[in-house]
Amino acid sequence: MIRPALISLLLASPAMALDLPVGAVMTGEDTAHAGNVALPVGPWREGAVETLALQGAVSKQAWRIGGSGQTTTQLMDLLRGQLQDDGYEILFTCDQNSCGGFDFRFATKELGEPAMHVDLGDFRFLSAGRQDSHVSLLISRSPGAGYVQIVTIDAGEDPAPVTVTSSMANGTLPEIPIEAVGKQMEHLGFAELSDLVFATGSSNLGEGDFPSLAELAAYLVANPDKRITLVGHTDAVGSLAANTALSKQRAGSVRQRLVDRYGVPGTQVAADGIGFLSPIATNQSEEGRERNRRVEVILTTTE
């Protein structure tokens, strides 16, 4: 299966671009032609966060990155290097401990759940500046995905529309918006439902609201001629027979949720599982095994 090499994100500042890993989907956005921002440039200390007062066009975006398995440190290193290559000076960077933990997190502004998930035990922050342009990054993770919030502040600039392109290892796809799981399936053939949560060893889907399922359901209801197959995957712990059964049961649980909660016709959705036969990461580490425990959706309609 061919997977995208990277996703290129053009931000509000016309001269700045960031490349997010494959699987990135915008989950929230807010722009203002003129606004005031207190950009953090220091940790929470003595009851406050040191900030830089800025004015200008403000763009806030939240992105969910499913399937990459990258840690918050790896994601921050990737994006920090790109900012430095674009001439940005790093003003401040910290992790959850050096930032000031709970106090720092709630002293800063973000788009909030479900668009931006922040794990108080695992997040990274960075602020940077270049001439009249400033940017901040807030990066965290859930069990199945990474989350990135990007805030840009540009003096005298209007916030520009965001454009997303996806490039393939053997060529380049046409420029496409990928705000929804359906668009990914149409252009890539599959999508990972990276925000799903199952109890360990259980086939029961958690009771939370999962944005990927809402997106998938909306796509199927709007396109009644489309058919999909949900495919469950596991790590390599245990026998193939047991894992194949568990992966199929998990895919079936997702199918049932689509039918019962979202009203998707059962005739549009099939469910199957292949156990540990299609890993996307090594099973030699806990991080790799976590990545391999997933449910993907495949578009089976050929027209």
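Summary of the structure given here. (Residues numbered from 1 in each chain as written. Predicted model: local features only at pLDDT ≥ 70, side-chain atom pairs only at ≥ 80, totals over all residues. Heavy atoms only, no water.)

Looking at the nonpolar core
Piece 1. Formed by 23 residues in total, the largest nonpolar core has its most connected members in Leu193, Leu216 and Leu230.
Piece 2. Going through the elements one at a time, helix 4 (181-188), helix 5 (211-222), strand 12 (228-233), helix 6 (240-262) and strand 14 (294-299) are the ones with two or more residues in this core.
Piece 3. The leading source of residues in this core is helix 5, at 5 residues.
Piece 4. One finds Met76, Tyr88, Leu126 and Leu137 within the second-largest nonpolar core, a separate group that totals 18 residues. (Core = buried A, V, L, I, M, F, W, Y, C linked by side-chain atoms within 4.5 Å. Buried < 20%, exposed > 50% of the residue type's maximum accessible area, 1.4 Å probe, protein only. Helix = DSSP H or I, 4+ residues; strand = E, 2+ residues; numbered from the N terminus.)

Section: the packing of helix 4 against helix 5
Piece 1. Their axes nearest at 7 Å, the elements helix 4 and helix 5 cross at an angle of 70°. In terms of axis orientation, helix 4 runs roughly perpendicular to helix 5. Of helix 5, the residues touching helix 4 (which contributes Val181, Gly182, Met185 and Glu186) are Ser212, Glu215, Leu216 and Tyr219.
Piece 2. For the contact of helix 4 with helix 5, the class distribution of residues is 4 nonpolar, 2 polar and 2 charged. (Axes fitted to C-alpha atoms, helices over the stretch in contact; angles between N-to-C directions. Parallel < 35°, antiparallel > 145°, perpendicular 65-115°, else oblique. Contact = heavy atoms within 4.5 Å. Nonpolar A, V, L, I, M, F, W, Y, C, P; charged D, E, K, R; others polar.)

Quick look at the pattern of salt bridges
Piece 1. Taken as a whole and judged by the stated rule, the model has 8 salt bridges.
Piece 2. The salt bridge partner of Arg124 is Asp122, with a shortest N-O separation of 3.6 Å.
Piece 3. Residue Arg124 is classed as buried on the basis of its relative accessible area of 16%.
Piece 4. Accessibility expressed as a relative area gives 23% for Asp122, which makes it partly exposed.
Piece 5. Overlapping salt bridges bring together Asp235, Glu286, Arg289 and Arg293 as one network. (Salt bridge = Lys/Arg side-chain N within 4 Å of Asp/Glu carboxyl O.)

Re the side chain of Gln82
Piece 1. By the element assignment, Gln82 lies in helix 1 (residues 72-85).
Piece 2. Ignoring anything within four residues of it in the chain, the contact list for Gln82 reads Ala17, Leu18 and Asp19.

A closer look at helix 4
Each full turn of the α-helix corresponds to 3.6 residues, which orients residues three or four apart in the same direction.
Piece 1. Among all positions of helix 4, only Val181, Gly182, Gln184 and Met185 are buried. Taken end-on, helix 4 shows its buried residues confined to a sector of 160°, consistent with a single buried face.
Piece 2. Residues of helix 4 that are buried sit in contact with strand 3 (24-45), strand 11 (190-192), helix 5, strand 12 and strand 14. (Arc of directions from axis to C-beta.)

Details of a nonpolar patch on the surface
Piece 1. The grouping of Phe102, Phe106 and Leu120 at the surface amounts to a nonpolar patch, some 310 Å² of accessible area in total.
Piece 2. Structurally, Leu120 is set in the loop between helix 3 (101-107) and strand 6 (123-130).
Piece 3. The exposure class assigned to Leu120 is partly exposed, which follows from its relative accessible area of 37%. (Patch = residues over 30% accessible without salt bridge, like charges linked within 9 Å, V, L, I, M, F, W, Y side chains within 5 Å. Areas by Shrake-Rupley, 256 points an atom, 1.4 Å probe, with all protein chains shown as cover.)

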